[in-house]
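Structural overview
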Amino acid sequence: MAVLQTKNLTKRYGGKAAVDDVSLTVEKGDIFGLIGQNGAGKTTLMRLVTSLAFPDSGSISLFGETREARLNAARARMGCVVETPALFPGLTAAQNLEYYRIQRGIPDKGAVEKALELVNLTDTGKKKFKNFSLGMKQRLGLALAILNSPDFIILDEPINGLDPLGIIEMRDLMKRLHGQGITILISSHILTELSQVATKYAIIHQGRLVKSLTQEQLREACRRALSVTVDDAARAAAILETALNTRQYKQVSGNELRVYAYLDDPAEVTFKLNQGGVRVSSMHEVGDSLEDYFTAIIGGEAK
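Summary of the structure given here. Residue positions within a chain follow its written sequence, with the count starting from 1. With the structure being a predicted model, the display of local features is reserved for residues of pLDDT at least 70 and the display and counting of side-chain atom pairs for 80 or more, all residues being used for whole-chain, interface and lining totals. Computation of side-chain values: all heavy atoms of the structure, hydrogens and water removed.

Quick notes on the overall build of the protein chain
To keep it simple, the criterion reads: Helix numbers and strand numbers start at the N terminus; a helix is a DSSP run of H or I with at least 4 residues, a strand a run of E with at least 2. Using a 1.4 Å probe on the protein chains alone, a residue whose accessible area is under 20% of its type maximum counts as buried, one over 50% counts as exposed, and one in between counts as partly exposed. To be clear on the numbers: accessible area is Shrake-Rupley with a 1.4 Å probe, and residue cover counts the displayed protein chains and nothing else.
Counting secondary structure elements, the protein chain contains 11 helices and 13 strands. The C-alpha extent of the protein chain, read off along each of the three principal axes, is 80 × 45 × 30 Å. Across the 303 residues in the protein chain, those meeting the buried criterion constitute 47%. For the protein chain, the accessible area works out to roughly 15,000 Å², and carbon and sulfur atoms hold 48% of it.

Structure below.
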C-alpha cells in the first residue's frame, strides 16, 4: 500500500524550480531516505507534502487520498519535523508537548508521557528546553512528531549537526519507530548514515529525482569485487565453484566475471584459473564507496 505518492510535483521560486517534476512512492513499512546536497530540494518537497507550501503543478496522494479536503484529513495520520520545531525555550519537555497536545486536540492525556518515553526524555524533569543539548532538542522534536500516534512521519535532516553519540541515538530511535509499524520519510545529505537505517532511497539533485533504488540495489552497487576478464567465462565459473569452492560471483558481460570472494588473495584466483586452462587477460578490484556512488550519480555518471 502506498502511504505517499507524488506525481510530477513542481514548485518554483522566482522562476527557478526548487522541486522539478518529482514522482516518487513511499510504501507502508518503508524507511525512505531522501538524499541530496543542501539546497537540492529535499526540504521543499517535504513542505509540499505537509502543506507548509503549495505546488505549482503535480499531485500528492496520502493514504490513497488526493482531494484537498480528504488530503487534509489524511494529514492527521502524519507527524513531521520540517526545519526547526517551534518549541518554547522556557518550558520543560513535558510542558512543551502538553501545550501541543491541547492545541492539536489530542484526547489521550498519556500521549506526552508515551512520546517522552519513546525518545528517552522522561528523566529531563524541570530542565528547560533552552538548556537541552542539540541531541535532546532533536529528540524532543521527534517526540512532537509522534505525539498523535501517527502512521507516517516525515523528518528533515534529523541528524544534522549531531555528534557521533547523538547520531547513534537518533538511528536507534528510527529503528524503534519502524519496529512499531511507523512508515518514515527521512532526508539527509549524509548517505553513509542513511544507509544504516533506510530500506529505500531517492536521490535528488537540483530539484529533480535522479535515482531511486532499494537497500539491496545500493549495497550491490557499492559491493567490492574482483573484476576478472577471461577467454572462457563458462569454464571460469566452473573452476570458481570447484577448485576455489565459491559461488560468490556473477557474470556481468560475455567475458567478465565479478568475484566477491578472494578479495585478499587475487593471485590464487589467477593461479587456479590458469591451472584450469582459462586465460586471464585482466583483473582489478571494483566497487564504489557510498560517497563515490553518490558523487557519481549527482555528477551524471550513473552506474
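Don't stop here, the text continues.
With respect to unusual backbone geometry
If you check the backbone angles, Glu157 has positive phi at about 50° while not being a glycine. Here Glu157 shows up in the loop between strand E6 (152-156) and helix H6 (164-179). Residue Gln206 is not a glycine yet carries a positive backbone phi of 50°. Within the fold, Gln206 resides in the loop between strand E8 (200-205) and strand E9 (208-214). With a relative accessible area of 63%, Gln206 lands in the exposed category.

Observations regarding the pattern of salt bridges
Worth spelling out the cut-off: Every case where a carboxyl oxygen of Asp or Glu lies within 4 Å of a side-chain nitrogen of Lys or Arg is listed as a salt bridge.
Across all of its chains, the model carries 14 salt bridges by this definition. The residue Asp30 makes a salt bridge to Lys200 at a minimum N-O spacing of 3.6 Å. Here Lys200 lies in strand E8 and Asp30 lies in the loop between strand E2 (16-27) and strand E3 (31-35), a separation of 170 residues in the sequence. The partner of Arg171 in a salt bridge is Glu193, and the shortest N-O contact between them spans 2.9 Å. Within this pair, whereas Arg171 is found in helix H6, its partner Glu193 is found in helix H7 (residues 191-194), the two being separated by 22 residues in sequence.

Everything listed is a geometric property; what it means functionally is a separate question.
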